[in-house]
Amino acid sequence: MKEQEILLMKGNEAIAHAAIRCGCDGYFGYPITPQSEILETLAVEKPWETTGMVVLQAESEVASINMIYGGGGSGKRVMTSSSSPGVALMQEGIAYMAGAEIPGLIVNVQRGGPGLGTIQPSQGDYFQATRGGGNGDYYVLVLAPSSVQEMADFVDLAFELSFKHRIPAMILSDGVVGQVMEKVVLPPFKPRRTDEEIERECPWASTGRKGKRPINVITSLELLPEAMEKHNLHLQEKYQLIRETEVRYEEQQTEDAEYLIVAFGSAARIAQKAISIMRAEGLRVGLLRPITLWPFPSKRIQELSEQVKGILSFEINAGQMVEDVRLAVEGRTPVAHYGKMGGIVPTPDELIQALRTKLTVSK
Amino acid sequence: MENIISPENIVYQKPTLLNDTDMHYCPGCSHGVVHKLIAEVIEEMGVEEKAVGVSPVGCAVFAYKYIDIDWQEAAHGRAPAIATAIKRLWPDHLVFTYQGDGDLACIGTAETIHALNRGENIAIIFINNAIYGMTGGQMAPTTLMGMKTATCPYGRQADLHGYPLKITEIAAQLEGTCYVTRQSVHSVAAIRKAKRAIRQAFENSINRRGSSLVEIVSTCSSGWKKTPVEANKWMEEHMFDFYHVGDLKVV
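Residues numbered from 1 in each chain as written. Chains lettered and ligands numbered in written order. Predicted model: local features only at pLDDT ≥ 70, side-chain atom pairs only at ≥ 80, totals over all residues.

Novice: Got a minute to help me understand the overall build of chain A in this structure?
Specialist: Regarding its fold elements, chain A presents 14 helices and 15 strands. Taking 2.2 N^0.38 as the reference for a compact globule, 363 residues should give roughly 21 Å; the C-alpha atoms of chain A span a radius of gyration of 21 Å, in line with that estimate. With respect to the principal axes defined by its C-alpha atoms, chain A has extents near 75 × 50 × 35 Å. Taken over 363 residues, chain A has a buried fraction of 54%. Sequence-distant contacts, at least 24 apart, represent 78% of the contacts inside chain A between residues at least 6 apart. (Helix = DSSP H or I, 4+ residues; strand = E, 2+ residues; numbered from the N terminus. Rg over C-alpha atoms; globule rule 2.2 N^0.38 Å. Buried ≥ 20, exposed ≤ 12 C-beta atoms within 10 Å, placed from the backbone. Contact = placed C-beta atoms within 7 Å.)

Novice: Is there a simple way to explain the overall build of chain B in this structure?
Specialist: Looking only at helices and strands, chain B features nine helices and nine strands. Viewed in the frame of its principal axes, chain B has a C-alpha envelope of about 60 × 50 × 30 Å. By residue count, 52% of the 251 residues in chain B fall in the buried class. Across chain B, every contact between residues at least 6 apart in sequence was considered, and the portion connecting residues at least 24 apart equals 68%.

Novice: Any chance you could explain the interface of chain A and chain B here in plain terms?
Specialist: It is common to give the size of an interface as the accessible area lost on bringing the parts into contact. Contacts between the two partners involve 31 residues from chain A, matched on the other side by 29 residues from chain B. Counting residues per element, the ones that place at least two in the side of chain A that touches chain B are β2 (26-29), β3 (54-57), α3 (61-73), α5 (91-100) and β9 (217-218) of chain A. The element best represented in the side of chain A that touches chain B is α3(A), accounting for seven residues. For the side of chain A that touches chain B, the residue count by class is twelve nonpolar, 13 polar and six charged. (Nonpolar A, V, L, I, M, F, W, Y, C, P; charged D, E, K, R; others polar.)

Novice: What is the right way to look at the nonpolar core in this model?
Specialist: Nonpolar side chains in soluble globular proteins generally cluster together in the buried interior. One finds A:Val140, A:Ala271 and B:Ile125 to be the most contacted residues of the largest nonpolar core, which totals 182 residues. No other element matches the nine residues that helix α7 (residues 148-165) of chain A contributes to this core. Per-domain counts for this core show at least three residues from each of domain 1 (6-196) and domain 2 (250-358) of chain A. (Core = buried A, V, L, I, M, F, W, Y, C linked by C-beta atoms within 7 Å. Domains from an automatic or database assignment.)

Novice: Please explain the sheet that holds strand β15 (residues 335-338) of chain A as it appears in this structure.
Specialist: Residue and element names in this part refer to chain A. Here five strands make up an open sheet; going across it, the order is β10-β12-β11-β14-β15 and the pairing mixed. Only two strands of the sheet have a single partner each, and these edge strands are β10 (249-252) and β15. Geometrically, the sheet is characterised by an average inter-axis angle of 20 degrees between neighbouring strands, direction not taken into account. As judged from the four bridges shared by β10 and strand β12 (residues 285-290), these two strands associate in the antiparallel manner. For Gln 252, the partnering residue across the bridge sits in β12 and is Leu 287. Packed on one face of the sheet, helix α12 (residues 298-305) meets β10, β11 (259-262), β12 and β14 (310-314) and runs near 165 degrees to β12. (Pairing = 2+ DSSP bridges. Axes fitted to C-alpha atoms, helices over the stretch in contact; angles between N-to-C directions.)

Novice: Teacher, can you tell me more about the domain arrangement of chain A here?
Specialist: Residues and elements named next belong to chain A. What the domain assignment lists for chain A is domain 1 (6-196) and domain 2 (250-358). Taking only C-alpha atoms into account, the centre of domain 1 sits 27 Å from that of domain 2. Across the contact, 24 residues belong to domain 1 and 21 residues belong to domain 2. Of all elements in the fold, only α6 (126-130), β6 (141-143), β7 (168-174) and α8 (175-179) reach the threshold of two or more residues within the side of domain 1 that touches domain 2. When residues in the side of domain 1 that touches domain 2 are grouped by element, the largest group, four residues, is from α6. Counted by class, the side of domain 1 that touches domain 2 contains 14 nonpolar, nine polar and one charged residues.

Novice: How should the pairing of β11(A) be read in this particular structure?
Specialist: All names here are of chain A. Neither face of β11 is open: one carries Tyr 259 and Ile 261, the other Leu 260 and Val 262, and all of them are buried. Strand direction decides the pairing type here: β11 and β12, joined by four bridges, are parallel. In the sheet register, Ile 261 faces β12, and the bridge partner there is Leu 287. Viewed along the sheet, the connection from β11 through helix α11 (residues 265-280) into β12 turns out right-handed. Sheet topology note: the β11/β14 ladder contains four bridges and is parallel. (Right-handed = clockwise from strand over helix to strand, strands pointing away.)

Novice: What am I meant to see in the sheet that holds strand β2 (residues 70-73) of chain B here?
Specialist: With respect to topology, eight strands assemble into an open sheet ordered β9(A)-β2(B)-β1(B)-β3(B)-β4(B)-β8(B)-β7(B)-β9(B), the strand pairing being mixed. Here the strands that pair on one side only, and so sit at the sheet edges, are β9 of chain A together with β9 (246-250) of chain B. Where β9(A) and β2(B) come together, two bridges link them in parallel fashion. By the bridge assignment, A:Val217 is partnered in β2(B) with B:Trp71.

Novice: Sorry if this is basic, but what is going on with the environment of B:Gln200 here?
Specialist: Residues and elements named next belong to chain B. For Gln 200, the location among the structural elements is in helix α7 (residues 188-206). Gln 200 gets classed as partly exposed once you count the C-beta atoms within 10 Å, which come to 19. For the pair Gln 200 and Cys 152, spaced 48 residues apart in sequence, the C-alpha separation works out to 37 Å.

Novice: Explanation requested: helix α1 (residues 11-21) of chain A in the structure shown.
Specialist: Within an α-helix, residues lying three or four positions from one another point in the same direction, as the helix has 3.6 residues per turn. Residues and elements named next belong to chain A. Burial of α1 is extensive: eleven of the eleven residues sit out of reach of the surface. All of the buried residues along α1 are Gly 11, Asn 12, Glu 13, Ala 14, Ile 15, Ala 16, His 17, Ala 18, Ala 19, Ile 20 and Arg 21. One or two positions beyond α1, positive phi appears at Gly 23, with a value near 80 degrees.

Novice: Honestly, the confidence of the model for chain B in this entry has me stumped. Any pointers?
Specialist: Should the pLDDT be low somewhere, the predicted coordinates at that spot are not to be read in detail. The predicted model of chain B averages 96 in pLDDT, with 99% of residues at 70 or higher. Reported confidence for the predicted complex is 0.96 by ipTM and 0.97 by pTM. (pLDDT = per-residue confidence, 0-100.)

Novice: Whenever I open this one, the environment of A:Ala328 confuses me. Can you help?
Specialist: All names here are of chain A. Mapped onto the fold, Ala 328 is located in helix α13 (residues 321-329). Look at Ala 328 and you get buried, because 21 C-beta atoms sit within 10 Å. It is 8.5 Å that separates the C-alpha atoms of Ala 328 and Pro 297, two residues lying 31 residues apart in sequence. Those residues in contact with Ala 328 that lie beyond four places of it in its chain are Ser 298, Ile 301 and Gln 302.

Put into structure tokens, the structure is as follows:
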């Protein structure tokens, strides 16, 4: 494959190719629909023969996430991927990673729930992703791609942010973005870090104790309440820094907007179509697309709430992100939610109808 | 007397990798002896710069406080998955887990069996004292029939609790294992044999010969409600009857 070549592929395949190209050291995962193409693509590409990247099909999602714990804890760039029920199984390991401050990437190509649910697309794991999901006070840095291109681009970005802040990062995708085929330019090749570079860049990692340095212990355990409180306060300071420095979002036609749609991932693509139809009718509707779901672009939504007559949170779920929108808006303007569940993906027309009825949008 | 104290006359000394932190283990517990053996073996092999241990949830959760190498502390039962990744990503390293019976043979059975069956180049040190020590003496997967614990106070019985699990015998059946052995540390002779077993398992990891499992049949005098001497005697009389000491597989 040549650099800058435009290719046609699925979002899941783009994740796999991007991982090989961005210096990923290891992938550990377990098959589950609708994301199995990630492991399948890696198995076909055999990166262990080219970049030296390890690829292993684990015995379960529980094992997968603990392999990420082990690999990330030893300073390597490692990732796993799964879909909603599998990511539910991983929550223990993610909480341990957050507590032990281990970097690593978890990709969730969401399907409908709860429980075994459906294999069709959903955004029903917003709460699970942005509220921690496991036990204790912690966050995971969450990126929400809305295109195959972003599936490819966010792999390296997630690793960079994850190592910068020593926090687990998640790409929260869904069955639409994972399965849809679109054009994509894969990121340029970046070599894997050498063991010496890892030891230098991750002086905290359990890489084997060299010379007289203190031992490195990767752990989330501390029995002394005073020490555990101190550790928790350190984590909260880190989360505050991330809130202040890592918020990402995209705006479309918000300059003159009277009404605002907030949507992420595949829902944002549907919203774009709905907005172009409504703009053609002369209705001034704009889009704010959160790219980071945690940290959430609360400040920008708060600013826009001063400008618009109403905000619609459009999600493929029963209304989860709408809670964060309401927290940002604090009652300044009406906030409503529209979404569908069960693996049904709403159409632009349904969204337009919802906007008209829920916010009484008219010229 | 002063002439005797010289380096050439040393017959025994504490391994330098075993630090001076006071151990939290109860008097008579086998963990302290096994910790010392691990420190000795790593030191004698000269691989402390390449050694990474994975400690469990259970009494040995704080193993990292006593042996001065790099460690990772695992979620309950997940140590073999963590060790799998470390060894695959650092293939020249000595990677071992240190797990109790509840961690390895109950909540972590899947991770244990699959890591061993894949032939991961890791060593697993398995402390089997037939009881949950850290949580205060509850029934373990390896609790003997008739044995009393806090959660089988009238003795383990098959219809209520099922049977004790011989996971080491299962491990010996797996294609991925190259060395499976059962040892103990209740006498000087047993300690010497256990040390040789740990050394063999660690060399297998370094040389990537496959998975090794070293079970140490151990005492838990607190959980068993016995003095250390009584516990050793009880282990010899009851545990060895069911958990036969010796090599199960040497490839």
